[in-house]
Each structure stands twice: as structure tokens, then as C-alpha cells.
Amino acid sequence: AAGKPKNFLEQIIDRDLAEGKVPNGKIITRFPPEPNGFLHLGHATSICLNFGLAETYNGECNLRFDDTNPEKEEQVYVDAIQEDVKWLGFNWSGDVRYASSYFDTFYEWALHLIREGKAYVDFQDAETMRETKGNFTKPGVNSPWRDKSVDENLAEFENMRLGKYDEGKACLRAKIDMQSGNMNMRDPVLYRIRKVPHHQTGDKWCIYPSYDFAHGQEDAIEGVTHSICTLEFEDHKPLYEWFLDNLPVPARPRQYEFARTNLNYVVTSKRKLKRLVDEKVVDGWDDPRMPTVSGMRRRGYTPTSIRKFSEMVGVSRTDGIADFSMLEHAIRDDLNNNAARAMAVLDPLKVVITNMAEGEVQDMTAAAHPNKPELGERVLPFTRELYIDREDFNEDNTLSRKKFKRLVTGEYIRLRSTYVIKHEETIKDDNGEIVEIRCSYVPGTVGENPPEDVKPRGVIHWVSASHGTEAELRMYDRLFNHEAPDRGEEDFLTHINPNSLSVKTAWVEPSLANAAPEQGFQFEREGYFVADRFDHTPEKPVFNLTIGLKDTWAG
Ligand code: ATP
Ligand code: MG
Ligand code: MG
């Protein structure tokens, strides 16, 4: 938008465009997830960044599965990732792409390097390879296989491809520089043997390219102009460039790095999230407590809120930890502006309206949203038996009117969108527990001020006992009770909040039975809730707590 300061990537793109470095002036970015888990909030910021840049510059963004590790990848993840990207509101350019559909080309390019004397088959075992690689203070040692002839290397690479060697017995390495100050340049592995079928290529291959040998080449094949990755790949950039310099690639992509998005109170690592799923700490990847895109979705977060959060986080070159409350601020804002209002009583106390006849129904109407008439109205049947929340009644009428703006013995309260009622009588069971209160309604007070002498203490919500319906409310709280669950010495699972889910049975207004799955609401005075995407039905309404009305995380 005009006036908004440009981030460093936009400045780079502006410069590249001005210098004519972008073929046809068309920006192409990509989002390249590995299909080994569901996407999390960190990925969401990368999606917003890559697709957002394409939108800003009238370019395109590819969705590409970086599927070079068949043992950890699965079709369910491929499907879930596509659904998440679409749900966030982005469209990728053309068909979904797969690194695996370039395997033939990568193979040709491996042969090319061998023929040029720039790659060799190494038979050292993993342990020896690690040792001879050296470290920052110790130069590497050349492999005894490094100077074999081109013909020998071609033959051995063919043997690898044909499956003649077991996993770990041989690999293809680039011949670069075992003394390089950059560890990535010390004869990196290009191909390794993995005798596992691949979700896209079946058992066509038993050798698979490494991330480094694949990524830049994928970018080049797709004509990606700006390949944006996270900072840990900065050290891989010389290698990324080396492949582009030494292979007959059709285009010249450029890699730029930005800092990962980290968030307090959650973990953003697929490996750790997978543990939560595998160890059944949560109920699947899309459990509403998970910081996955699909979990946040099921929790009632909207695409707008996640996109807004990404914008707030921005892009930077230095690692930081974003505050989860930013995300909460974004969702609260979106739902406050757009979610329909409804009434739900979480801890029901029966109220009998003594001046209403049994079976009598007075239909009240209320706007679905205070300033969105287009959302229409809902009908609230006012009947002899109602429920209010137990916390909204206190027998003690000496409580100050300022502090307790609810119903007390002998006084008045307004029920939202209907009458003012007066407390008449409290009924208790043998244990002294209040089981019911009796009240009368004050005629002429619907949408009208009560007479002078009638002074309601406040407004509370209510639901008809006879016309309302029971609903399951899943009350979620943060999954971890530690600000940095995975940044200490101890296992991050020790910081699980044992009370991250409690299930309540509430009484809700009749219109809520017809809520559409995934429809979000503000339950007045209670919080924001969403009809569960999978479990909500008119017969058995189920709502998930998205977030409370007020910020409870700060401090
Ligand atoms: P994880 O450690 O969770 O597996 P990853 O980086 O290995 O993350 P990929 O599937 O390779 O996951 O990620 C796809 C894209 O999303 C990459 O470009 C990666 O840089 C980006 N990405 C992943 N995590 C984050 C994050 N926390 N913040 C920003 N971008 C991220
Ligand atoms: Mg990765
Ligand atoms: Mg990973």
C-alpha cells in the first residue's frame, strides 16, 4: 500500500527490476514445503511472504513439494498442505509442482558433473565421511575415491541407480574443496541410496538427490526469480550458486534469506509437532490446540487473522520471538468486527418467570451484530423457564452496585434483548445449594427504559430452557504453560499444560443449532467460539473456544 515502508525483500526486488535483472520483469517466488508434516504458523508467515510478494509485484508464486526424503513424506501431508494454502486465500501458479518430477533432470545433471570430473562416487562409510570432513578449525581430508576416472564413476553411479549397493554403502559427492572455510563446500553429497518407495515416483528410484543438489535446480527449472528461504540456508548459498554455475540450468534464480518466525508459548517445528501427535498429547495435527494452520483453523482463527499476524511480524534478518498475543489481537479484532453475536449459558441456573404462563412464548428479536445489519436478526424465544449463568446471581444484596452489576435478592436486572426482571424468591435443595430462582418480568421494558423506581444493576445473558438447546463447549487453553517450551535443556513435553482442554455442557440459544461448521460467534460476555468443523451438527452442537473476550496473556 502507498506510504507503507518497504521491507528489505521488496527493496531488493525493486532494485532487481530497476537493473533489468528479472526476465520479462516478472517476479516468480515459490513456497517449497517438505510434505513430512502439517504446516505451522512459521510456514504461514512464509506463505504470506512468498504469495504476498507475487501479488504485490503482479508476479506468480509456485507451490512446490520439496519431496526428496521419501521415508518421511506422505500423501496425507501433500493433501493437507494444499488445503491449508488455499484456505489462507492464496492461489499458486499453474499446477502443484513436485521436486520429484524433476528427478530425471537431476539425474542427467549428476551425470553431467561426473563427466566434467566434478562429481565422484564415494564408498567411505558415514562415520569416516564425517571424520574426514573436518570442522571449522580442521581442514577436511580428500576421499581415496576422489580421483577415480570419469568412466569408473559413471559405472559406479549406474550401479547405485540399479540398486547394487545397500543403503549407506555409496553416495555421489561433488568434487569442490575439502579445505573450504564453508563446510557446505567440502564435497557435499549429491545423491544417497534409499531403498524406499516414494509417494510420487513409486519404486522408480532407489537413489535420491540431497536438498542442496535439488533446491536451486528446482528454482532454476521453474524460472523462480527470488528464492526466499530462512537464515540457516545462508551458508548454503555458495553451494546453491556453485550448482547454477556448473550445470546447464535454464535460468538464474537468486536466494535471499530472512529470519524464521518463532513464537512464544508454542513450538514451530514439524518434528516436535509430530511427537505431540504420535504420543497422543493432542488429538491429531488439526487439534485446536496445535499451532498448525489446520489446528488454528479448527480453533476458529480466520485466514484474515493469520495474514494480519504475518503482516505484524514482518520480515527481518534477525531472529526474534513474536508474541502470541499479536495473533490473538488479530483474531479478536476480526471476530469483534465480523462474528455474529449469540447467547450461551455455560453454568446454567434455572429462572422461573412467575408472571409467564406455562407454554407461553414471546419471540424477541436481536441483531446478529450491533453494526452489521446485513448479518440479519435472530429470534430469541422468551419463555417461563430460562437459564442464566450461576455467576450472574448472588443472594447478597449488600454487594455494591458498582462491583456487582448482576442480579441480587430482591433487585432488578435486564436480560439482554428482552425484559427487565425482578428477583422474587430463591429455592435451595437440602444441602443449601441454589437450584432455582423465581423472578417476574417488568412489562413494557423490551427496548424501553424501565420506570424511575426500577433500577437494574446491569445486563446479563440468558437462554430459554424450553426452546434453547444443549451444546458441548470445548474450552481450550494454551498447550504449553511455559513461554519457551523448547528452548531449555529439558524435554519440551514437560511443559504441557495439563488443563489445556476442558469440556462443558452449556445451554445455547436455538439459532445456534443451525450454525454452519466453522462459523464463528461472540457468545456474549463469554468469549469467541466456533462451530466445530467436523463434530458440530444441529442434533449435537459443538463449539470450540477460540479466544476469550479480553487479553489474558499479557504480563
Ligand atoms: P520444520 O523445521 O518445521 O520442518 P522446515 O523449514 O524444515 O520447518 P519446510 O517444509 O522445509 O519446513 O518449509 C517450507 C518453507 O517454509 C521453507 O521455505 C522454510 O524456510 C519456511 N519456514 C519453515 N518454518 C518457518 C518459520 N518458522 N518461519 C518462517 N518460515 C518458515
Ligand atoms: Mg526444510
Ligand atoms: Mg524440516
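Criteria and thresholds
- Residues numbered from 1 in each chain as written.
- Chains lettered and ligands numbered in written order.
- Predicted model: local features only at pLDDT ≥ 70, side-chain atom pairs only at ≥ 80, totals over all residues.
- Heavy atoms only, no water.
- Helix = DSSP H or I, 4+ residues; strand = E, 2+ residues; numbered from the N terminus.
- Buried < 20%, exposed > 50% of the residue type's maximum accessible area, 1.4 Å probe, protein only.
- Contact = heavy atoms within 4.5 Å.
- Areas by Shrake-Rupley, 256 points an atom, 1.4 Å probe, with all protein chains shown as cover.
- Lys, Arg positive; Asp, Glu negative; His and termini not counted.
- Charge placed at Lys NZ, Arg CZ, Asp CG, Glu CD.
- 1 Å grid on protein atoms, 1.4 Å probe; cavity = no way out; pocket = protein on both sides within 12 Å on 5 of 7 lines; lining within 4 Å.
- Points joined across faces, edges and corners; volume = space filled by probe spheres on them.
- Nonpolar A, V, L, I, M, F, W, Y, C, P; charged D, E, K, R; others polar.
- Pairing = 2+ DSSP bridges.
- Disulfide = S-S within 2.5 Å.
- Domains from an automatic or database assignment.
- Buried area = accessible area lost by both parts, 1.4 Å probe.
- Salt bridge = Lys/Arg side-chain N within 4 Å of Asp/Glu carboxyl O.
- Polar contact = N/O pair within 3.5 Å; in protein donor to acceptor, adjacent residues only side chain to side chain.
- Axes fitted to C-alpha atoms, helices over the stretch in contact; angles between N-to-C directions.
- Parallel < 35°, antiparallel > 145°, perpendicular 65-115°, else oblique.
- Near = heavy atom within 4 Å.

A separate point is the overall build of the protein chain. When you go through the protein chain residue by residue, the secondary structure sums to 12 helices and 29 strands. In the protein chain, which comprises 555 residues, the share counted as buried stands at 54%. Taking the intrachain contacts of the protein chain between residues at least 6 apart in sequence as the baseline, contacts between residues at least 24 apart amount to 71%. Total accessible area computed for the protein chain in this model is approximately 25,000 Å², and 47% of it derives from carbon and sulfur atoms. Separation of charge centres in the protein chain, based on 71 positive and 92 negative side chains, amounts to 3 Å.

Looking now at empty space enclosed by the protein. Enumeration according to the criterion identifies 1 cavity of 30 Å³ or more in this entry. Considered as a void within the structure, the largest cavity measures approximately 70 Å³ in volume. In terms of lining residues, the largest cavity is bounded by Tyr211, Asp212, His215, Ser227, Cys229, Phe233, His236, Leu239, Tyr240, Phe243 and Gln255. Its residues assigned to classes, the lining of the largest cavity comprises 6 nonpolar, 4 polar and 1 charged.

Read from one edge of the open sheet, 7 strands run S23-S20-S21-S22-S14-S17-S24, paired in mixed fashion. With one partner strand each, in any of the chains shown, strand S23 (459-460) and strand S24 (463-464) form the two edges of the open sheet.

Think of a disulfide as a covalent bridge from one cysteine sulfur atom to another cysteine sulfur atom. As enumerated under the stated definition, the model contains 0 disulfides in all. Cys206 forms no disulfide, and the closest cysteine sulfur to it belongs to Cys171, at a distance of 14 Å.

Per the domain assignment, the segments of the protein chain are domain 1 (8-258), domain 2 (270-341 + 471-547) and domain 3 (344-461). Domain 1 and domain 2 are separated by 34 Å when their C-alpha centres are compared. In this assembly, 26 residues from domain 1 lie in contact with 25 residues from domain 2. Carbon and sulfur atoms supply 66% of the area buried between domain 1 and domain 2, which totals about 2,400 Å² over both sides. Together, Phe38, Leu41 and Trp87 form the three largest contributors to the area buried by domain 1 at its contact with domain 2, with a combined 33%. Here domain 1 is connected to domain 2 by 5 salt bridges. Where Glu257 meets Arg317, a salt bridge forms, and the shortest distance between an N and an O atom there is 3.0 Å. Between the two partners, domain 1 and domain 2, sit 9 residue pairs in polar contact (both at pLDDT 80 or more). For the side of domain 1 that touches domain 2, the secondary-structure elements that each account for two or more residues are helix H1 (8-18), helix H2 (41-56), helix H3 (75-87) and strand S9 (254-258). It is H2 that contributes the most residues to the side of domain 1 that touches domain 2, 7 residues altogether. Of the residues belonging to the side of domain 1 that touches domain 2, the class tally is 14 nonpolar, 6 polar and 6 charged.

Where H2 meets helix H11 (residues 303-313), the closest approach of the two axes is 9 Å, and the angle between their N-to-C directions is 85°. When the axes of H2 and H11 are compared, the pair comes out roughly perpendicular. Mapping the contact onto sequence places Leu41, Ala44, Thr45, Cys48 and Glu55 in H2 and Ile306, Arg307, Phe309 and Ser310 in H11. Split by residue class, the contact of H2 with H11 holds 5 nonpolar, 2 polar and 2 charged.

This part covers the pairing of strand S28 (residues 527-531). Judged by how many residues are buried, S28 sits mostly within the fold: 5 of 5 residues are covered. As defined by bridge partners, strand S27 (residues 520-523) adjoins S28 across 4 bridges and the pair is classed as antiparallel. Within S28, the position partnered with Gly520 by the bridge is Val530. What sits between the antiparallel neighbours S27 and S28 is a turn of 3 residues, in which Arg525 has the positive phi angle 70°. Sheet topology note: the S28/strand S29 (residues 542-547) ladder contains 4 bridges and is antiparallel. Bridge assignment links Tyr528 to a residue of S29, and that residue is Ile547.

All right, on to the site of ligand 1 then. Contacts to ligand 1 come from 15 residues, most closely from Glu34, His40, Arg260, Thr261 and Lys270. Between ligand 1 and Glu34 there is a distance of 2.8 Å, counted from an oxygen atom to a backbone nitrogen or oxygen. A total of 590 Å² of accessible area belongs to ligand 1 in isolation, and the protein chains cover 85% of it. Residues belonging to the shell around ligand 1 are distributed by class as follows: 4 nonpolar, 8 polar and 3 charged.

Attention now moves to the pairing of strand S15 (residues 361-367). Residues of S15 alternate between two faces, with Gln362, Met364 and Ala366 buried on one and Val361, Asp363, Thr365 and Ala367 left unburied on the opposite face. The pairing of S15 with strand S16 (residues 377-383) spans 7 bridges and is classified as antiparallel. The partner of Asp363 across the bridge, within S16, is Pro381.

A separate point is the sheet that holds strand S2 (residues 60-65). Pairing is parallel in the open sheet, where 3 strands are placed in the order S1-S2-S3. Single-partner strands in this sheet number two, and they are strand S1 (28-31) and strand S3 (97-98). Across 2 bridges, the pairing between S2 and S3 is parallel. Residue pairing for S3: Arg64 is matched across the bridge by Arg97. Lying over the sheet, H2 contacts S1 and S2, oriented at roughly 160° with respect to S1. The sheet strands contacting H3 are S2 and S3, and the helix crosses S2 at an angle near 160°.

Note on placement: Ala367 falls in strand S15. Expressed as a C-alpha distance, the spacing of Ala367 and Ile176, which sit 191 residues apart in the sequence, is 70 Å. Residues in contact with Ala367, not counting those within four places in the same chain, are Gly376, Glu377 and Arg378.

Should the charged atoms of two oppositely charged side chains come close, the side chains can pair. On inspection of all chains with the given rule, the structure shows 51 salt bridges. One salt bridge in this structure joins Arg15 and Asp16, with 3.1 Å as the shortest N-O distance. Overall, Arg15 belongs to the partly exposed group, its relative accessible area being 38%. The class for Asp16 is buried, based on a relative accessible area of 2%. Ionic pairing is found between Asp286 and Arg298, a salt bridge with its closest N-O pair at 3.8 Å. Here the residue Asp286 occupies a position in the loop between helix H9 (270-278) and helix H10 (293-299), and Arg298 occupies one in helix H10, the gap between them amounting to 12 residues. A single burial state applies to Asp286 and to Arg298, both of which are buried. Connected via shared salt-bridge partners are Asp286, Arg298, Glu472, Arg474, Asp532, Asp535 and Lys540.

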